[in-house]
Amino acid sequence: MKEDIALIDLASDKRAEFLMLFEEFVRSYLLSPTGEKHSAYYDEGRRQARSNLARLIESKERDEDRFLAILSGYGVKFNNINL
């Protein structure tokens with residue numbers, strides 16, 4: 001029982017430490033011009049990911065092969081490939 005309480009105390013301490021560090025991150029980076037720019041990239045990445053997923057779902061519904069579409073989304077280039 002003592003071990004369980006010690007683990008709970010440790011978890012509480014770590015949670016408090018994490019929250020303190022996160023608040024420092026928000027103040028010192030996230031709200032800075034660089035942090036705001038980074039956040040904008042995150043939002044654009046999520047929009048692009050949703051678009052890619054919708055495109056792949058539509059392709060699946062048409063029973064199309066999605067292998068090359070997925071790889072090309074990662075920047076893989078194909079020259080005269082026959083699979």
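Look above for the structure.
Now for a quick tour of the structure.

Cut-offs applied
Residues numbered from 1 in each chain as written. Predicted model: local features only at pLDDT ≥ 70, side-chain atom pairs only at ≥ 80, totals over all residues. Heavy atoms only, no water. Helix = DSSP H or I, 4+ residues; strand = E, 2+ residues; numbered from the N terminus. Buried < 20%, exposed > 50% of the residue type's maximum accessible area, 1.4 Å probe, protein only. Areas by Shrake-Rupley, 256 points an atom, 1.4 Å probe, with all protein chains shown as cover. Salt bridge = Lys/Arg side-chain N within 4 Å of Asp/Glu carboxyl O. Phe/Tyr/Trp six-rings, centres within 6.5 Å; stacked < 30°, edge-to-face > 60°. Expected span 1.5 Å × (residues − 1). Contact = heavy atoms within 4.5 Å.

**Let's talk about the overall build of the protein**
Okay, step 1: Along the backbone of the protein there are 3 helices and 0 strands.
Okay, step 2: The proportion of buried residues among the 83 residues of the protein is 4%.
Okay, step 3: Here the protein displays about 7800 Å² of accessible surface, and carbon together with sulfur accounts for 58% of that area.

**Some points on the pattern of salt bridges**
Okay, step 1: Counting across every chain of the model gives 2 salt bridges.
Okay, step 2: Residue glutamate 17 pairs with lysine 14 through a salt bridge whose shortest N-O separation is 3.4 Å. Of this pair, glutamate 17 and lysine 14 are both found in helix α1 (residues 2-30), 3 residues apart, which corresponds to roughly one turn of the helix.
Okay, step 3: A salt bridge links glutamate 44 to arginine 47; the nearest nitrogen and oxygen atoms lie 3.2 Å apart. With glutamate 44 and arginine 47 both in helix α2 (residues 33-61) and 3 residues apart, the pair spans about one turn of that helix.
Okay, step 4: Overall, glutamate 44 belongs to the partly exposed group, its relative accessible area being 40%.

**Focus on the packing of aromatic side chains**
Okay, step 1: Tallied over the entire structure, the rule returns 3 aromatic pairs.
Okay, step 2: Ring geometry for phenylalanine 18 versus phenylalanine 22: centroids 6.2 Å apart, planes at 20°, classification stacked. You can see phenylalanine 18 and its partner phenylalanine 22 sitting in helix α1, 4 residues apart, about one turn around the helix.
Okay, step 3: When its relative accessible area of 41% is taken as the criterion, phenylalanine 22 is described as partly exposed.

**A word on α2**
Okay, step 1: Between its terminal C-alpha atoms α2 stretches 43 Å, which fits the 42 Å expected from 29 residues at 1.5 Å a residue.
Okay, step 2: Downstream of α2 by a residue or two, aspartate 63 has a phi angle that is positive, lying close to 60°.

**Notes on the side chain of serine 59**
Okay, step 1: Here serine 59 is to be found in helix α2.
Okay, step 2: A residue is classified by how much of its surface remains accessible, and serine 59, at 7% relative accessible area, is buried.
Okay, step 3: In this structure, serine 59 is in contact with Glu64, Asp65 and Arg66, ignoring residues within four places of it in sequence.

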